[in-house]
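# Summary of structural features
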Amino acid sequence: MAKITAAITGVQGFVPDYILTNKELENLVETTDEWISSRTGIKERRILKGDGQGSSVMAVGAILPLLEKTNTKPEEIDLIICATVTPDMVFPATANIIGAEIGAINAFGYDLNAACSGFLYAIATGSQFIETGKYKKVLVVGVDKMSSIIDYTDRATCIIFGDGAGAVMLEPNNEGLGIQDFILKSDGTGMQYLHQKAGGSRKPASMETVQNKEHYVYQEGAAVFKFAVTNMADAAAQIMQKNNLKSEDVAWLVPHQANKRIIDATANRMGLDSSRVMLNIDHFGNTTNGTIPLCLWEYESQLNKGDNIVLAAFGGGFTWGALYLKWAY
Ligand code: UT7
C-alpha cells in the first residue's frame, strides 16, 4: 500500500482592516519611515481594533472561507491545531474557542506555542495524525494579535509586529504530494533575548507588573537577529541537502517574516533569487504565527501541483526549523 502523506488542500488568510503605517508610528515613537524600511523591510502592518476581539476572531475569519473553498462541513473536521503566542485566554485553548465558533462539533483541538516557528511545528505535528491514517481533516491555523502584547512607546518592538491569521487544511494524499520532511529545533537558553516577563505562573499579573510594562514583548533585537540569520539559513540548507534538492529544484522559499535582511540571507544560502521568495513583510509586518500561511495565501494562484516548497522559520524560545513539501493542487 502506498504511504499516506499529509497535503495542504487549501489555504486562506485574514487580516484586520486597520492599517498602521510607518508614518503613523513616526507620531508615536522617535523613528522614521526610512529607518524602519531600510532596517526591516516593513512599510505597514494591520491592527485588530475593538473591545473583546481576540486572536480567535481572525482565526475564524480565515477558517470560514477555507471551509467553503475546500468544500468541508465543520462537522467533518477531526482536529484543530492553533499556533499562537497570543491566545484569547491563558485557558481554555483558543483552538477550542475556534471549534465552537465554527461548529466543529466532532473535532478535538489544542494550542501550540513555539513562538514564530509555531506554524511550522503545527503543520509538522498535524501531518502525523494524517500519516498514521487515524484522521482525515486537520485544520492548522497560525494566528497572532501581536498588538495585544506590544508596547507602543517602545520603538525597538512596536515597529515590527502586526496582527493576522492564516489557516490550511491538511488531508491525506496518495500521490506522494504534501509534507515530505522537516527539521525542527529548539534551544531554551535563548529565552533571555526574547520573552514576555509577566502574566505567566513565574510572575503572575499584579499592579506592579503592569506598571513596569512586563506584559509586553521584551526583545534584544540585535542578539536575536544574530541567531536568526544563521539558524534559519542553516535549517533551510540542511533540509535541501537531506532531500537532495538543488537550488533549481526549489520553486519557492516561504520564510518567516521577521526582517527582510534575515529572509535575504536565507534565500542567498539556498541559492534562490528574490523571484522565488514569498514576501509579505512590507505590508503585514511580522505577524508571528501568521507570516507563513499568509504568504501561502497571497501566492496561492502562483503555485503549481508538484512544486517543491521550503518553509523556514526562527522565533522566540529559541525555536527554528525548515519543512519541505510538494504542493498538492
Ligand atoms: O520574529 C521573531 C524573531 N525576531 C527576529 O528575528 C528579530 C531580529 N532582530 C531584528 O530584526 C533587528 O534586530 C531589529 C529590527 C529589531 C532592530 O534592528 P537593528 O539593526 O538590530 O538595530 P539595533 O537594535 O542594533 O539598534 C541600532 C540603533 C540603536 O541606536 P544606537 O544605540 O546605535 O544609538 C537603536 O536605539 O537603532 C536604534 N533604533 C531605532 N532607531 C529608529 C532601534 N529601533 C529604532 C527605531 N527607529 N524604530
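Because the structure is a prediction, the values reported are computed rather than measured. (Residues numbered from 1 in each chain as written. Predicted model: local features only at pLDDT ≥ 70, side-chain atom pairs only at ≥ 80, totals over all residues. Heavy atoms only, no water.)

The next point concerns the packing of helix α3 (residues 55–69) against helix α4 (residues 94–102). When two helices pack together, you describe them by how their axes are tilted relative to each other and by the distance separating the axes. At their nearest, the axes of α3 and α4 sit 10 Å apart, and the two run at 50 degrees to each other. As judged from the angle between their axes, α3 and α4 are oblique. Like other packed secondary-structure pairs, α3 and α4 cross with a definite hand, here right-handed. From α3, Ser 56, Ala 59, Val 60, Ile 63, Leu 64 and Leu 67 reach across to α4, where they touch Thr 94, Ile 97, Ile 98, Glu 101 and Ile 102. (Axes fitted to C-alpha atoms, helices over the stretch in contact; angles between N-to-C directions. Helix = DSSP H or I, 4+ residues; strand = E, 2+ residues; numbered from the N terminus. Parallel < 35°, antiparallel > 145°, perpendicular 65-115°, else oblique. Left-handed = near helix turned anticlockwise from the far one by under 90°. Contact = heavy atoms within 4.5 Å.)

The subject of this paragraph is the side chain of Asp 144. As for its placement among the helices and strands, Asp 144 is situated in strand β6 (residues 138–145). For the buried Asp 144, which has no salt bridge, the nearest side chain bearing the opposite charge is Lys 145, at an N-O separation of 11 Å. Within the structure, Asp 144 has its side chain in polar contact with the backbone nitrogen of Val 85 (distance 2.9 Å). In this view, Asp 144 contacts Ser 55, Met 58, Thr 84, Val 85, Thr 86, Gly 162, Asp 163, Gly 164, Thr 287, Thr 288 and Asn 289; residues no more than four positions away in its chain are not counted. (Buried < 20%, exposed > 50% of the residue type's maximum accessible area, 1.4 Å probe, protein only. Lys, Arg positive; Asp, Glu negative; His and termini not counted. Salt bridge = Lys/Arg side-chain N within 4 Å of Asp/Glu carboxyl O. Polar contact = N/O pair within 3.5 Å; in protein donor to acceptor, adjacent residues only side chain to side chain.)

With that settled, the discussion passes to the site of the ligand. Contacts to the ligand come from 23 residues, most closely from Thr 31, Arg 39, Arg 155, Asn 259 and Asn 286. Between the ligand and Thr 31, the relevant distance is 2.6 Å, taken from a nitrogen atom to a side-chain nitrogen or oxygen of the residue. Measuring from an oxygen atom of the ligand, one finds a backbone N or O atom of Ala 222 at 3.5 Å. Protein chains bury 71% of the 960 Å² of accessible surface belonging to the ligand in isolation. (Near = heavy atom within 4 Å. Areas by Shrake-Rupley, 256 points an atom, 1.4 Å probe, with all protein chains shown as cover.)

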